[in-house]
Amino acid sequence: MSEKIDELKQTFQEDMDKAQNTEDLENIRVKYLGKKGTITELLKGMRNMQGDERKEAGKRINLLKAQVSESIQERGKQIQKEMEKRLLMADRRVDISLPAGNNIGSLHPITIVQRELEEIFSSMGFAVEDYNEVVTEYQNFEAVNVPKNHPARDMQDTYYLDNGELLKTQTSAAQNYILRKYGAPCRAIFPGRCFRNEALDASHENTFFQMEGMMVDKDISVANLIYFMETMLSEVFQTDITVRLRPGFFPFTEPSFELDIHCPFCGGKGCATCKHGGWIELCPCGMIHPNVLKMGGVDPDKYTGFAFGLGLTRLAMMKFDINDIRVLNSGNLKALDQFTIL
Ligand code: FA5
């Protein structure tokens, strides 16, 4: 019996290694667990056994049955995920001249990219948080080290409510809330809609999405920042991504950087997407300023951390090759219909 079980385990593993899709898996399930399946036959064979031999065989076969069924389920989930990923990340090109013939609805391109990023960061232990769109001046500016009359406020003019609150200009407005909620150590991302009083053009909207991320712990350094950004972007673009940091300025990070990626479309040779420079500017980031940690109730002498503010809308444009940001908020079904996920 034990030889038979070992043999069966081996052939099962070989069959599983070859399984590519749900149909292959169903065939394997029938072969081993179906009415006339090999394991079912083994169980039937116990009829001829007695006493301890029967007991022992029953234990082993039932264990094998549970393992086989679990492996099939696990592989099924994996195949399902791979299929969803392929559907989501298929290299879609927007052709707005195509007729709008699709009536079944679809996820918005930004939602597709946001969900993918959430999944990637969750798998690296980051909590996913949501935050208000209407915030106080304190949250949007003071709590991230931008005091009243600081010139950095000029770059982020926005829409004010009569009660003095405002539509948040950056997801950084949630940094203080996140630090207070989690304390240290913490890892969190918080995507959100942002608003700015902008002159609109092909790459500037008054309403757009960012995805902010923060990691705070003992001895966090720029090396950690680079590692997480490279890992995340390699997943998004499904290819190894090299990043470079250039000096930048944000009042809430010190040092501050602009993170560029080696163009994933031309491999750095130069193309229309990277404006022939080989690099694409993607994500401002830096080490969280001690004042921001302090205002969030975290001791900057014990903890350090990094923060980044990814332009989610711009990332979606890059992934789906959309060359005018205004398409995304336009409700133009001719363009948006093409992202339908069946
Ligand atoms: C900020 O908003 C900082 N809060 C980012 C940050 C977070 C830095 C944490 C350091 C640490 P900036 O203004 O550059 O930075 O905006 C970040 C990204 O948002 C830009 O790179 C861009 O992709 C996107 N963005 C900004 N303004 C617009 C706009 N009008 N339309 C579309 N995307 C925009």
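Details of the structure are given in the entry above.
**Q** Could you give an account of the overall build of the protein, with specific residues and numbers?
**A** Secondary structure assignment for the protein yields 12 helices and nine strands. Here the protein has a C-alpha radius of gyration of 26 Å; the compact-globule value for 342 residues is 20 Å, and the former is much larger. Reported as C-alpha extents along the three principal axes, the dimensions of the protein are approximately 90 × 55 × 45 Å. A total of 342 residues make up the protein; the buried ones form 43% of that total. Put simply, of all contacts in the protein between residues at least 6 apart along the chain, 68% involve residues at least 24 apart. One finds the centroid of the 41 positive side-chain charges in the protein at a distance of 6 Å from the centroid of its 49 negative side-chain charges.

**Q** Tell me about the site of the ligand, and name the residues and values.
**A** Near the ligand there are 23 residues, and of these Gln170, Ser172, Arg196, Glu198 and Glu205 occur at the shortest range. Here Ser172 contributes a side-chain N or O atom positioned 2.8 Å from a nitrogen atom of the ligand. Measuring from an oxygen atom of the ligand, one finds a side-chain N or O atom of Arg314 at 3.5 Å. Contact with the protein chains hides 92% of the accessible area of the ligand, taken as 670 Å² for the molecule alone. Breaking the shell around the ligand down by element, the ones donating at least two residues are β5 (207-217), β8 (279-288) and β9 (304-311). Of all the elements, β9 adds the most residues to the shell around the ligand, at four residues. Grouping the amino acids of the shell around the ligand by side-chain chemistry returns eight nonpolar, 10 polar and five charged.

**Q** Residue-level account of helix α1 (residues 2-18), with values.
**A** The end-to-end C-alpha distance of α1 is 25 Å, a good match for the 24 Å that 17 residues give at a rise of 1.5 Å each. Buried within α1 we find Ile5, Leu8, Phe12, Asp15 and Met16. For α1, the angular spread of the buried residues around the axis is 95 degrees, confining them to a single face. For α1, exposure combined with an orientation more than 90 degrees from the buried face picks out Glu3, Glu7, Gln10, Asp17 and Lys18.

**Q** Can you break down the environment of Pro247 residue by residue, with the values?
**A** Here Pro247 is to be found in strand β6 (residues 243-250). Pro247 gets classed as exposed once you look at its relative accessible area, which sits at 73%. Discounting residues that sit within four places of it in the chain, Pro247 has contacts with Ser256, Phe257 and Glu258.

**Q** Describe the sheet that holds β8, listing the residues and the values that go with them.
**A** Within the open sheet, the seven strands sit side by side as β1-β4-β5-β9-β8-β7-β6. Their pairing is mixed. Two strands in the sheet have a free side with no partner beyond their single neighbour: β1 (127-128) and β6. Two strands pair when backbone bridges link them, and β6 and strand β7 (residues 253-262) are joined in this way by seven bridges, in the antiparallel orientation. Counted as the bridge partner of Val243 is Ile261 from β7.

**Q** Any details on helix α7 (residues 175-182)? Residues and values, ideally.
**A** Of the residues making up α7, those classed as buried are Gln175, Asn176, Ile178 and Leu179. The buried residues of α7 occupy one face: seen down the axis, they fall within an arc of 165 degrees. Buried positions along α7 lie against α6 (137-140), β4 (186-195), β5, α9 (290-295) and β9. At the C-terminal side of α7, Gly183 shows a positive phi close to 65 degrees.

**Q** I'd like a description of the side chain of Lys168, backed by residues and values.
**A** Considering the arrangement of structural elements, one finds Lys168 in the loop between β3 (166-167) and α7. Look at Lys168: it is buried, it has no salt bridge, and the nearest opposite charge is Asp130 at 6.1 Å. Of the polar contacts made by the side chain of Lys168, one reaches the backbone oxygen of Asn132; its length is 2.9 Å.

Scoring rules and cut-offs
- Residues numbered from 1 in each chain as written.
- Predicted model: local features only at pLDDT ≥ 70, side-chain atom pairs only at ≥ 80, totals over all residues.
- Heavy atoms only, no water.
- Helix = DSSP H or I, 4+ residues; strand = E, 2+ residues; numbered from the N terminus.
- Rg over C-alpha atoms; globule rule 2.2 N^0.38 Å.
- Buried < 20%, exposed > 50% of the residue type's maximum accessible area, 1.4 Å probe, protein only.
- Contact = heavy atoms within 4.5 Å.
- Lys, Arg positive; Asp, Glu negative; His and termini not counted.
- Charge placed at Lys NZ, Arg CZ, Asp CG, Glu CD.
- Near = heavy atom within 4 Å.
- Polar contact = N/O pair within 3.5 Å; in protein donor to acceptor, adjacent residues only side chain to side chain.
- Areas by Shrake-Rupley, 256 points an atom, 1.4 Å probe, with all protein chains shown as cover.
- Nonpolar A, V, L, I, M, F, W, Y, C, P; charged D, E, K, R; others polar.
- Expected span 1.5 Å × (residues − 1).
- Arc of directions from axis to C-beta.
- Pairing = 2+ DSSP bridges.
- Salt bridge = Lys/Arg side-chain N within 4 Å of Asp/Glu carboxyl O.

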